[in-house]
Amino acid sequence: MQRKTIFKWALILIAGVMLYKFASFSSQDVSLNPFPASVLDELALQQAEVPPGYKLITSSNLLMQAGLAQNPDYLTRRADLEDIIQMDGAAAFLALYGSDEAVRMMLKGVFFRKPQHALKYAEVQGTRHRQVIGFRRDTTSGIWLLFIACDPDLTYDEAELHRIMQGLEVYQRRLTLLPLFDQMTADHVE
Amino acid sequence: MKTYRPVGRAVELKTARLFAGALLLLSNITGTGYADESAAPLRREMTRMDRSHRYLSGRVLRLAESINNVISSTVRQEEDHEAEMTGRFYGNLLTAYQVEGSHIRVTPRLIILEGSDNNEYKLDFSARLRLPDLSKRLRLYADSYDTDYDTMEEIFSSRYRKKLEEERSEGPTAGLTYFFSDRMRRQLSLSTGLRFRPEPSPKIRLRGRLRKTFESYRADLAQSVFWSERDGFGEKTEFTLDRPSGTIHLFRLKSSLVWSELSHGVDWGQYGSYYARLSKRRSAALKLGARGYSHPSLITDQYLLRVNFRRRVHRDWLFLEIEPGLDFFREDDFETSPLINIRLDIVIGSFERI
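Calculation rules
- Each chain has its residues counted from 1, following the order in which its sequence is written.
- Going through the entries in the order they are written, you letter the chains from A and number the ligands from 1.
- Since the coordinates come from a predicted model, pLDDT governs what is reported: local features require at least 70, and pairs of side-chain atoms require 80 or more to be given and counted, while whole-chain, interface and lining totals use all residues.
- Note that the side-chain values use all heavy atoms of the structure and ignore hydrogens as well as water.
- Residues are treated as being in contact if the distance between any of their heavy atoms lies within 4.5 Å.
- Here the quantity called buried area is the total loss of accessible area, with a 1.4 Å probe, experienced by two parts when brought into contact, counted for both.
- Here, a salt bridge means any Lys or Arg side-chain nitrogen found within 4 Å of an Asp or Glu carboxyl oxygen.
- Polar contact is the term for a pair of N or O atoms within 3.5 Å; when the atoms are in protein, one must be able to donate a hydrogen and the other to accept it, and sequence-neighboring residues count only if both atoms are side-chain atoms.
- Counting from the N terminus, the helices are DSSP H or I runs at least four residues long and the strands are E runs at least two residues long.
- Amino acid classes used here: Ala, Val, Leu, Ile, Met, Phe, Trp, Tyr, Cys and Pro are nonpolar; Asp, Glu, Lys and Arg are charged; the rest, including Gly, are polar.
- Here is the rule: rings of Phe, Tyr and Trp (six-membered ring for Trp) pair when centre to centre is within 6.5 Å. Planes less than 30 degrees apart are stacked, more than 60 are edge-to-face, and the remainder are tilted.
- Each residue's exposure class comes from its accessible area (1.4 Å probe, protein chains only) as a fraction of the maximum for that residue type: buried when under 20%, exposed when over 50%, partly exposed otherwise.
- Take the number of residues in a helix, subtract one, and multiply by 1.5 Å to get its expected span.
- Think of the arc as the fan of directions from the helix axis to the C-beta atoms.
- Here the bounds of each domain stem from an automatic or database domain assignment.
- Between any two strands, at least two bridges found by DSSP are needed for them to pair.
- Side-chain atoms within 4.5 Å are what join buried Ala, Val, Leu, Ile, Met, Phe, Trp, Tyr and Cys residues into a set we call a nonpolar core.
- Residue-level confidence of the predictor, termed pLDDT, takes values from 0 up to 100.
- Residues forming no salt bridge and having over 30% relative accessible area are the ones grouped into patches, like charges within 9 Å of each other and nonpolar side chains (Val, Leu, Ile, Met, Phe, Trp, Tyr) within 5 Å.
- Only the protein chains shown count as cover for residues, with accessible areas throughout obtained via the Shrake-Rupley method and a probe of 1.4 Å.

1. Quick look at the interface of chain A and chain B
So, point 1. Of the residues lining the interface, 35 residues belong to chain A; the matching set on chain B comes to 22 residues.
So, point 2. When chain A packs against chain B, close to 2300 Å² is buried across both sides, 57% of that on carbon and sulfur atoms.
So, point 3. Our enumeration of links across chain A and chain B arrives at five salt bridges.
So, point 4. For the salt bridge of A:D151 with B:R88, the shortest nitrogen-to-oxygen distance reads 2.8 Å.
So, point 5. Inspection of the region where chain A meets chain B yields twelve residue pairs in polar contact (both at pLDDT 80 or more).
So, point 6. Elements that contribute at least two residues to the side of chain A that touches chain B include exactly α3 (60-66), α4 (78-86), β3 (91-98), β4 (103-112), α5 (115-127) and β6 (143-150) of chain A.
So, point 7. No other element matches α5(A), which puts seven residues into the side of chain A that touches chain B.
So, point 8. Of the residues that constitute the side of chain A that touches chain B, the class distribution is 18 nonpolar, five polar and twelve charged.

Encoded structure:
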């Protein structure tokens, strides 16, 4: 009986130690993660900020085309990272929205340590003939530039564009973003 | 029998008037840095001129991009530098970054010579466009004036240049330059292109450059060999010795030798100059030079004196230069030929030293 009790308590103790180790490991793992999920959770568009019928794309085929393992996700492919670095960015992520058949809206976030690099990137993006809206979010360690774009190969009617803009207004208010430019409705805000 | 023009009172008065005019202009100008493109102050309110310049500069960069895209799409195999999807949504940004540095420099000149009928006007241009998708070492160039035969290209002499253009039917050149090596101390490049006379005539040039610093001196040796369909082979050797004194003063000695199938033996040129940076926007220079040729005998063909004042007039893309000077030509028995060169440098595009 005594032996059984000792054995039982030993098992409980071992389980407790393992649980403790696992918990501490996980928290260390999270704090050392160079690609924190919390940033994506905050900066990605929420359901109320996208038009009805849009959702985060889950199609693996579409994600693969964009170079993502999940959605939203940081850009980690070497070619994408090289391009970002050559443009003085430090990190970038993508979020894809639409149906499982097509990506109708894309959010790209690029992080810059220095304001002049961020402004340069925004200026260059502004020269592309694309339906893109740009925002800026300043942080203590740098600047996030957020660009929301529509697919130039798809057609968007007035109602859909209006719903997109409405959602982005909510998004802008939620994150207190500064507008950079608006090429989606052909109005440029600087 | 030679006749000599009397150096009479009338000529002296004309010369004096010419220099008085120069001094009047200079009182409003005075110099720029010999490191002429010093950084402009941070952008403030954009004027109409700034907006026009910005628009034109954007056009130049887009032109470089377009040429780059056209050539790379036909020549280069596709590499997946960027996922096609993001490229479709946002456009190709990296190429836009990498064509930075592409620019066109436009230089209108007014040359005031002795006698009111003799003023001349000239418009020069030079273009350098990057083609990053082909190679980061490749540039597209276009020049209104080929300096390969000029033994003193940094000092403008209208009459000398006219003579050169008449002898060689000079015209604009355009082509591609590939830099095998493009570092501070070593540079090797190969240029292939066409010279338009106006009919196109192919030209190739291989150019190497070595730079070395010795204590307070900097030496620069450049050697070019070139061939053109019409003029045949030629070579140019240039040696430059700089002695900077702090960041304000610079003394320079430069010698050039050109041999070609059209030169008079070996054409040579030598000049010494002193540069002074007066401020971030202005500089001044004094230049003394001589040039000549070796065939049929070693002859000095021209002496020249220039006092140069250069000023950055607006932002970092508009420069004004006023350069009164004296020329002494052998064919005039080295009589004084006063002149004033007035020049504007307009840089359109994103200017970096290429």
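This is not the end of the story, as more comes after the structure.
2. Focus on the packing of aromatic side chains
So, point 1. For the coordinates displayed, the defined rule picks out twelve aromatic pairs over all chains.
So, point 2. When the centroid spacing of 5.1 Å and the interplanar angle of 45° are considered together, the rings of A:F35 and A:Y74 count as tilted. Note that A:F35 is positioned in the loop between α1 (2-32) and α2 (37-43) and A:Y74 in strand β2 (residues 73-74), a separation of 39 residues in sequence.
So, point 3. On the basis of relative accessibility, which here comes to 35%, the residue A:F35 falls in the partly exposed class.
So, point 4. When the centroid spacing of 6.4 Å and the interplanar angle of 50° are considered together, the rings of A:Y121 and B:Y97 count as tilted. Within this pair, whereas A:Y121 is found in helix α5, its partner B:Y97 is found in helix α4 (residues 93-98), the two belonging to separate chains.

3. Considerations on helix α6 (residues 158-175) of chain A
Residue and element names in this part refer to chain A.
So, point 1. Its 18 residues place the ends of α6 26 Å apart at the C-alpha level, agreeing with the 26 Å of an ideal helix rising 1.5 Å per residue.
So, point 2. When we look at burial in α6, the residues that qualify are E160, L161, I164, M165, G167, L168, Y171 and L175. Considered in projection along α6, the buried side chains sweep an arc of 165° and stay on one side of the axis. Opposite the packed face of α6, turned more than 90 degrees from it, sit the exposed residues E158 and R173.
So, point 3. Elements in contact with the buried residues of α6: α2, β4, β5 (132-138), β6 and β7 (178-182).
So, point 4. The positive-phi residue at the C-terminal boundary of α6 is T176, with phi of around 45°.

4. Some details on the domain arrangement of chain A
So, point 1. Entries for chain A in the domain assignment read domain 1 (1-32) and domain 2 (35-182).
So, point 2. Placing the centre of domain 1 of chain A and that of domain 2 of chain A at their C-alpha centroids yields a distance of 43 Å.

5. Thoughts on the pattern of salt bridges
So, point 1. Tallying each qualifying case throughout the model produces 45 salt bridges over all chains.
So, point 2. Note that A:R174 is salt-bridged to A:E49, the shortest N-O span being 2.6 Å. One end of the pair, A:R174, is in helix α6; the other, A:E49, is in the loop between α2 and β1 (55-56), and 125 residues separate them in sequence.
So, point 3. The partly exposed category is assigned to A:R174, whose relative accessible area is 30%.
So, point 4. For B:K122, the salt bridge identified is with B:E165, shortest N-O distance 3.7 Å. Residue B:K122 is located in strand β2 (residues 120-130), and its partner B:E165 is located in helix α5 (residues 158-168); the two are separated by 43 residues in the primary sequence.
So, point 5. One salt-bridge network, in which partners are shared between bridges, spans B:D146, B:D148, B:R195, B:K203, B:R205 and B:D231.

6. Concerning the pairing of strand β5 (residues 186-196) of chain B
Residue and element names in this part refer to chain B.
So, point 1. Only one face of β5 is buried: it carries Q187, S189, S191, G193 and R195, and the other face, with R186, L188, L190, T192, L194 and F196, is open.
So, point 2. As defined by bridge partners, strand β4 (residues 173-182) adjoins β5 across nine bridges and the pair is classed as antiparallel. Its bridge partner being in β5, T177 is matched across the sheet by S191.
So, point 3. From the end of β4 to the start of β5, which pair antiparallel, there are three residues.
So, point 4. Where β5 meets strand β6 (residues 200-214), eleven bridges bridge the pair, whose relative direction is antiparallel. The residue bridging G193 from the neighbouring strand is K203, located in β6.

7. Some details on unusual backbone geometry
So, point 1. A cis amide bond, omega 0°, links A:N71 with the succeeding residue A:P72.
So, point 2. Within the fold, A:P72 resides in the loop between α3 and β2.
So, point 3. The backbone of A:D88 sits at a positive phi, close to 70°, despite the residue not being glycine.
So, point 4. Assessed through its relative accessible area of 37%, A:D88 is described here as partly exposed.
So, point 5. With phi around 60°, B:F334 is a residue other than glycine that occupies positive phi space.
So, point 6. Position of B:F334 relative to the elements: it lies in the loop between β13 (318-329) and β14 (336-349).

8. With respect to the nonpolar core
So, point 1. The biggest cluster of nonpolar side chains holds 33 residues, and the ones touching the most others in it are A:L96, A:Y121, A:L145, A:F147 and B:M85.
So, point 2. Contributions of two or more residues to this core are made by α3, β3, β4, α5, β6 and β7 of chain A together with α3 (84-90) and α4 of chain B.
So, point 3. Not counting residues within four places of it along the chain, the set of residues in contact with A:F147 comprises A:M106, A:L107, A:K108, A:Y121, A:A122, A:Q125, A:V132, A:I133, A:G134, A:L180, A:F181 and B:Y90.

9. Remarks on the confidence of the model for chain B
So, point 1. Summing up the model confidence of chain B, the mean pLDDT is 83 and the portion of residues at 70 or higher is 83%.
So, point 2. In the predicted structure, residues 27-43 of chain B sits below a pLDDT of 50 and forms 58 contacts with residues beyond four places in sequence or in another chain.

10. Thoughts on the side chain of B:T95
All names here are of chain B.
So, point 1. Note on placement: T95 falls in helix α4.
So, point 2. Judged by relative accessible area, T95 falls into the buried class, the value being 2%.
So, point 3. Non-local contacts of T95, meaning those with residues more than four positions away in its chain, are made with E65, N68, N69, P132 and D133.

11. What to know about a nonpolar patch on the surface
Residues and elements named next belong to chain B.
So, point 1. Residues F180, L188, L206 and V225 make up a contiguous nonpolar surface patch of about 310 Å² in total accessible area.
So, point 2. With respect to the helices and strands, L206 occurs in strand β6.
So, point 3. Here L206 falls in the partly exposed class, since its relative accessible area comes to 36%.

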